[in-house]
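Observations on chain architecture
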Amino acid sequence: MAEKILWNNGWSFVELPGEADSYIFPATAEWKPVDIPHDWMIYNTHELYRDSIGWYKKEFILEEMKGHYALRFDGVYMDVTLYVNGHEAFVWKYGYSMFEADITDYMQLGKNQVAVRVVYRNLNTRWYSGAGIFRNVWFKTKNNLHMVSDGIYVTTVKENDTTWRVEVDTEIAAKCAQCAGCSASNATLKQKLYDTEGTLVTESAADFAITTTPVCSQVFTVENPKLWDIAQGNLYSLVTELWLNGRLLETEEQKIGFRTLEFNKDKGFFINGRNVKINGVCEHHDLGCLGSAYNNVAMRRK
């Protein structure tokens, strides 16, 4: 069974001057334990835009090799290089987007070490950006046959006054020769839709033939769903299950809504047939003096 584990504990950190040789792992440096999410720039409020290099490391034990492994970072500012057991495994150059790295080829039985080099260079924003692993980290274990991360695409279409069509495309990846040869009769994708009270509304299943990167498509209908609206955020839960030879390999759950949107050049914006004014804010990465590390209490207050 595939797993996704929050991996914020057990990290150590060291900051080096911006002119230091950032490509050499600082094994003898004075490492300090830190909590993730983390922002090292806020530690020195007199130099909030200093050039510097942050190193993070974490060690863990792998008792057995099974399937494939990935690390998912929800946000690291700014230029990132990921090392696994001394090998460069992944590079990411944008600080405000999630990235996921397949680290299977660099893993080993027993003790493993993950190191993350984060390079901050000023000037790069007109607001305070902070520096470091400022969002959650996840450790993912995948089967050789698995759903592609963020690979489930859902579209809801209103067909008439009572009926809505739900179209779902799911990307599947097969990472071994055995999986690539599976027949259509033993690989199945099941999708179940639950309403806002958790009651099963409808379900669908489709057998599929596995290729290198297949897309399994399913379509089903829903009668009289509760609509998503500004004042009533009705959200349904779509549960997707991947089965092989009668065994459940993986489950993904995501929220979806039913609503119509229309932009009219003369009358403006309509949601569910109702004319509304669009109000918004210029929302930035702006927790300011609290630092850029994600802060649950501060975000609730906003």
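The structure displayed is predicted, hence computed values, not measured ones.

**Quick look at the overall build of the protein chain**
- Counting its regular elements, the protein chain contains two helices and 22 strands.
- Counting only C-alpha atoms and orienting by the principal axes, one finds that the protein chain spans roughly 65 × 55 × 30 Å.
- Sorting the 302 residues of the protein chain into buried and exposed places 44% on the buried side.
- Sequence-distant contacts, at least 24 apart, represent 68% of the contacts inside the protein chain between residues at least 6 apart.
- Total accessible area computed for the protein chain in this model is approximately 16,600 Å², and 49% of it derives from carbon and sulfur atoms.
- The averaged location of the 38 negative side-chain charges in the protein chain is 4 Å from the averaged location of its 31 positive side-chain charges.

**Details of the sheet that holds strand β9 (residues 99-102)**
- Read across the sheet, four strands follow the order β1-β12-β5-β9 without closing on themselves; strand pairing throughout is antiparallel. Strands at the two margins of the open sheet, each flanked by one partner only, are β1 (3-6) and β9. Mean inter-strand twist for the sheet, computed between neighbouring axes without regard to direction, equals 20 degrees.

**Here we look at the pattern of salt bridges**
- Applying the stated criterion across every chain yields a total of 13 salt bridges.
- Between Arg-72 and Asp-150 there is a salt bridge; the shortest N-O distance is 3.0 Å. Of this pair, Arg-72 sits in strand β5 (residues 68-73) while Asp-150 sits in strand β13 (residues 145-158), and the two are 78 residues apart along the sequence.
- Linking Asp-266 and Lys-265 is a salt bridge whose minimum nitrogen-to-oxygen distance equals 3.4 Å.

**Quick notes on unusual backbone geometry**
- Residue Pro-37 is bonded to the preceding Ile-36 through a cis peptide linkage, with omega at 5 degrees.
- When you line up the elements, Pro-37 lands in the loop between β3 (32-34) and β4 (52-62).
- Each neighbour pair has its own omega, and for Tyr-77 with Met-78 the value is 5 degrees, a cis peptide bond.
- Among the secondary structure elements, Met-78 is positioned in the loop between β6 (76-77) and β7 (79-84).
- If you check the backbone angles, Asp-150 has positive phi at about 60 degrees while not being a glycine.
- At Asn-245, a position not held by glycine, the phi torsion is positive, near 55 degrees.
- Following the sequence through the fold, Asn-245 ends up in the loop between β18 (236-244) and β19 (247-256).
- Judged by relative accessible area, which is 56%, Asn-245 ranks as exposed.

**Considerations on the environment of Thr-156**
- Along the chain, Thr-156 falls in strand β13.
- A sequence separation of 128 residues divides Thr-156 from Thr-28, and the C-alpha atoms of the two residues are 55 Å apart.
- Once residues within four sequence positions are removed from consideration, Thr-156 is found in contact with Trp-164, Arg-165, Val-166, Ile-256, Gly-257 and Phe-258.

**Notes on the environment of Met-107**
- Note that Met-107 resides in the loop between β9 and β10 (110-120).
- In this structure Met-107 comes out as buried when scored by relative accessible area, which is 9%.
- Sequence spacing of Met-107 and Leu-62 is 45 residues, and the spatial spacing of their C-alpha atoms is 8.3 Å.

**Describing the packing of aromatic side chains**
- Scanning all chains against the criterion turns up 22 aromatic pairs.
- With a centroid separation of 5.5 Å and 25 degrees between ring planes, the pair formed by Trp-92 and Phe-99 is classed as stacked.
- One aromatic cluster is present, formed by Trp-7, Trp-11, Phe-60, Tyr-69 and Phe-139 through successive ring pairs.
- Positioned above the aromatic ring of Trp-138, the side-chain terminus of Lys-4 is 4.6 Å from the ring centre.
- Looking at Lys-58, its charged tip hangs above the ring of Trp-7, at a distance of 3.9 Å from the centre.

**Some points on the pairing of β10**
- With eight of eleven residues buried, β10 is to be regarded as a mostly interior element.
- As paired elements, β4 and β10 share eleven bridges and run antiparallel to each other. Pairing of Trp-55 across the sheet is with Arg-117, part of β10.
- Sheet topology note: the β7/β10 ladder contains six bridges and is antiparallel. Looking at β10, one finds that Leu-82 is bridged to Val-116.

Conventions we followed
Residues numbered from 1 in each chain as written. Predicted model: local features only at pLDDT ≥ 70, side-chain atom pairs only at ≥ 80, totals over all residues. Heavy atoms only, no water. Helix = DSSP H or I, 4+ residues; strand = E, 2+ residues; numbered from the N terminus. Buried < 20%, exposed > 50% of the residue type's maximum accessible area, 1.4 Å probe, protein only. Contact = heavy atoms within 4.5 Å. Areas by Shrake-Rupley, 256 points an atom, 1.4 Å probe, with all protein chains shown as cover. Lys, Arg positive; Asp, Glu negative; His and termini not counted. Charge placed at Lys NZ, Arg CZ, Asp CG, Glu CD. Pairing = 2+ DSSP bridges. Axes fitted to C-alpha atoms, helices over the stretch in contact; angles between N-to-C directions. Salt bridge = Lys/Arg side-chain N within 4 Å of Asp/Glu carboxyl O. Phe/Tyr/Trp six-rings, centres within 6.5 Å; stacked < 30°, edge-to-face > 60°. Lys NZ or Arg CZ within 6 Å of the ring centre and 35° of its normal.

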